[in-house]
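# Understanding the architecture of this molecule
Residue strings, one per chain:
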Amino acid sequence: MKRENIGRAVLIALVIAAGLVVAAPSTPAQGRRLPTFEVDRGWPKVPPQWRLGDASSIAIDARDNVWVLHRPRTLKPEQAAMAAPPVIVFDTAGNYIKAWGGAGNGYEWPEREHGIHIDYKGFVWLGGNSCPTNGLPGLKPVADDQLLKFTQDGKFVMQIGHSNQSKGNADTRNLHRPADVWVHPQTNELFVADGYGNHRVAVFDADSGAFKRMWGAFGNKPMDDDHCQVVTPTSFSDPGPQQLSIVHAIRVAKDGTVYVADREYRRVQMFTKDGKFVKQLVRNSAPFARDLALSPDADQQFLYVGGGDGIFIVDRKTLDIVGNVQPPGMIGAGHQIATDSKGNLYIAQTTAGMQKLTFKGMSPASR
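These lines cover the structure that appears in this document, whether it is placed above or below. (Residues numbered from 1 in each chain as written. Predicted model: local features only at pLDDT ≥ 70, side-chain atom pairs only at ≥ 80, totals over all residues. Heavy atoms only, no water.)

What follows concerns the sheet that holds strand 17 (residues 277–282). Across a sheet, paired strands are connected by hydrogen bonds in the backbone, their directions being either parallel or antiparallel. The strand order across the open sheet built from 4 strands is 14-15-16-17, with neighbouring strands paired in antiparallel fashion. Of all strands in the sheet, those with a lone pairing partner are strand 14 (247–252) and strand 17, marking the two edges. Shown here is a sheet whose adjacent strand axes are inclined to one another by a mean of 20°, direction ignored. Relative to strand 17, strand 16 (residues 267–271) runs antiparallel, the two being bridged by 5 bridges. Among the inter-strand pairings, Q269 is bridged to a residue of strand 17, identified as Q280. (Pairing = 2+ DSSP bridges. Helix = DSSP H or I, 4+ residues; strand = E, 2+ residues; numbered from the N terminus. Axes fitted to C-alpha atoms, helices over the stretch in contact; angles between N-to-C directions.)

Rendered as structure tokens:
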């Protein structure tokens, strides 16, 4: 073996041994440098007087502070009195900053917290996915058909939709158990993964809350198929059904490209910001498209997609899988994920907690 090949083999072995990233490209990624990570086992530092329920979602603000939305009502009865407020904020080192949230005057707090997003103006958006007949303990029998907008100090700003008021996928005033949102700065539009009850992308003006447009899978007209239980198909195909399943996550790149995680059908669909279908990535062999995040580099070259036991690294423009993030000690693919400006990945994994994956630089380029 040539000396340069021996050296490269040793270097790759050291990267794998350190648990930084395991590259498992579905297509050759010759010459491609990939982000590497390791688990920060000290993150976060939850104040000792508090307990967190299921960590449902995670968002990053302009200062790289980490906003966690959790479900206090999932705590066991003996811990309920120690429940932290549903919105809790940490810095990148895991230190506690503040917490707030819950029922208040003038708005309808979601019964089952699901998604959180910090927009480019610093506003906090959140929603829930409660269903009236889900039978979960401690929850009122209502549907979370609303989105809430707050300042970072928890001051209520605006509500879109109302609890238990959805009229279905054609409704332009209400959501229906929305899973995730993203505000696109260039157009000041709120893109909603709507979601668990509806099966569409819905777009609103982020200032006024006025409805603008909607679409379903492949840009089709979204159709009603409302049920509380999560329906996972027994078989999968490519391209798959003409309607979306659970629209679980949404991200809008700087160039206006929209990425939608169609969770139960195990596919990511790519659209223009006006809803024109571009292409999709389907991975039928294991759970896929659980969550999404964009890499923070100037070109946003990677889309992170939760699937299987890890997070896939996807070329954002081609939708080719080029690698896989799965360092030792990782809690899983996540329920929702986020990236900060330094490239760190954060995971909210509901029953498994939350975790920071520290960005450790780019892997050596293969030849």
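Let us keep going from here.
Applying the stated criterion to the full structure yields 1 disulfide. The disulfide partner of C131 is C228, and the S-S distance across this bridge is 1.6 Å. Because the sign of the S-S torsion sets the handedness, a value of about -75° for the bond joining C131 and C228 places this disulfide among the left-handed ones. Placement of the pair is C131 in the loop between strand 7 (124–128) and strand 8 (147–150) and C228 in the loop between strand 13 (211–215) and strand 14, with a sequence separation of 97 residues. (Disulfide = S-S within 2.5 Å.)

With that settled, the discussion passes to the packing of aromatic side chains. Tallied over the entire structure, the rule returns 17 aromatic pairs. The interplanar angle of 80° and the centroid separation of 5.5 Å between the aromatic rings of W50 and Y96 together place this pair among those described as edge-to-face. In this pair, W50 sits in the loop between strand 1 (35–40) and strand 2 (54–60) while Y96 sits in strand 5 (residues 96–100), placing the two residues 46 residues apart along the sequence. With a centroid separation of 5.9 Å and an interplanar angle of 70°, the aromatic rings of F271 and F277 are classed as edge-to-face. Given the relative accessible area of 1%, F271 is considered buried. Here F277 falls in the partly exposed class, since its relative accessible area comes to 25%. The rings of W67, W100, Y107, W109, F150 and F156 are connected pair by pair, giving a single aromatic cluster. (Phe/Tyr/Trp six-rings, centres within 6.5 Å; stacked < 30°, edge-to-face > 60°. Buried < 20%, exposed > 50% of the residue type's maximum accessible area, 1.4 Å probe, protein only.)

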